[in-house]
Amino acid sequence: MPSTLTETTDPWCLRDGESAALLREHPWRRFAVLGDSVAEGLCEPVDGYPDVQWADRIAAELRAVRPELAYLNLGLRGLRAHEVRAAQLAPALAFRPDLALVVCGGNDAFGRGYDADAVDVELTAMIEALQAAGADVITVGMFDVSLSPAVPDRHRAGLGERMRRLSARTGALAERLGTLHVRLTDHPLTADASMYSSDGRHGSARSDAVAAAETVRRLGAHLAGRQPE
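Residues numbered from 1 in each chain as written. Predicted model: local features only at pLDDT ≥ 70, side-chain atom pairs only at ≥ 80, totals over all residues. Heavy atoms only, no water.

Draft legend 1. How the structure looks around helix α6 (residues 116–132). For α6, with 17 residues, the first-to-last C-alpha span of 24 Å sits near the 24 Å given by 1.5 Å per residue. Every buried residue of α6 is listed here: A116, V119, D120, E122, L123, T124, M126, I127 and L130. Among the structural elements, β1 (30–35), α4 (81–95), β3 (99–103), α5 (106–110), β4 (136–141) and α7 (153–177) are those in contact with the buried residues of α6. One side-chain oxygen of the residue at the start of α6 lies 3.2 Å from the amide nitrogen of D117, identifying that residue as D115. Backbone geometry just after α6 places G134 at a positive phi near 105°. (Helix = DSSP H or I, 4+ residues; strand = E, 2+ residues; numbered from the N terminus. Expected span 1.5 Å × (residues − 1). Buried < 20%, exposed > 50% of the residue type's maximum accessible area, 1.4 Å probe, protein only. Contact = heavy atoms within 4.5 Å. Polar contact = N/O pair within 3.5 Å; in protein donor to acceptor, adjacent residues only side chain to side chain.)

Draft legend 2. How the structure looks around the side chain of D36. Along the chain, the position of D36 falls in the loop between β1 and α2 (37–40). D36 gets classed as buried once you look at its relative accessible area, which sits at 4%. Other than its neighbours up to four places away in sequence, D36 contacts G75, L76, R77, L79, V84, V103, C104, G105, G106 and N107.

Draft legend 3. Region of interest: the pattern of salt bridges. Applying the stated rule across the entire model yields 17 salt bridges. Among the salt bridges present, the one from R57 reaches E7, with a minimum N-O distance of 2.8 Å. In this pair, R57 sits in helix α3 (residues 54–65) while E7 sits in the segment before α1 (18–22), placing the two residues 50 residues apart along the sequence. Of the two residues examined, R57 and E7, each falls in the buried class. Between R217 and E214 there is a salt bridge, and its shortest N-O distance comes to 3.2 Å. Here E214 and R217 lie together in helix α8 (residues 205–226), a separation of 3 residues that amounts to about one turn. (Salt bridge = Lys/Arg side-chain N within 4 Å of Asp/Glu carboxyl O.)

Draft legend 4. Main features of the state of the cysteines. Tallying each qualifying case throughout the model produces 0 disulfides. With no disulfide partner, C13 has as its closest neighbouring cysteine sulfur the one in C43, 12 Å distant. On the accessibility criterion, C13 (1% relative accessible area) is buried. Residue C104 stays outside any disulfide, its sulfur separated by 19 Å from that of C43, the closest cysteine. In this structure C104 comes out as buried when scored by relative accessible area, which is 9%. (Disulfide = S-S within 2.5 Å.)

Any functional reading would require information that these geometric values do not contain.
Dropping the structure here:
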């Protein structure tokens, strides 16, 4: 049977007033997004969930507190990590962000020739450059798309191993470099069919809503940690 959930009744999405409380008086004024199709936003529509992409959702929640927030999304589908750095880092730095989301490596991990060390080098270069320019950086371990029903069984194990390795390596980088890391790979919904699009590569509008909720909660935890006791 199809799900009867909507975003307002989904227990994994933001509750009414939650984002405003978490992001109250947040300091960010310039938000940049770098990455591949996940950053660009290619989620498949789901009844009951607004057709608003993940990064756009984050920007909207930040703007609800600071309407003057400037937002630049450079994400572009199909790019591998080295292509994201080559095409997007310079314009991102020129934008002078104080908050940046970097999400890539998935296209690298889709291939059997995935070079985890090479992806780490690209992510490190982008994160360190953005931090040196004064930005807080968000990194992400994405939902494990190998669990999508649209992924052929013969590819599932290998793809799952690579996607989880990418997530683990990105998490280790985040810990070393001090990013605001959002780990979705082991989220309770990661094996839920409603989280994935029919193409076997991307998420659904529900996954973007859940990812936005987890991102806002991570930003809120960061802000709470800054507040004096």
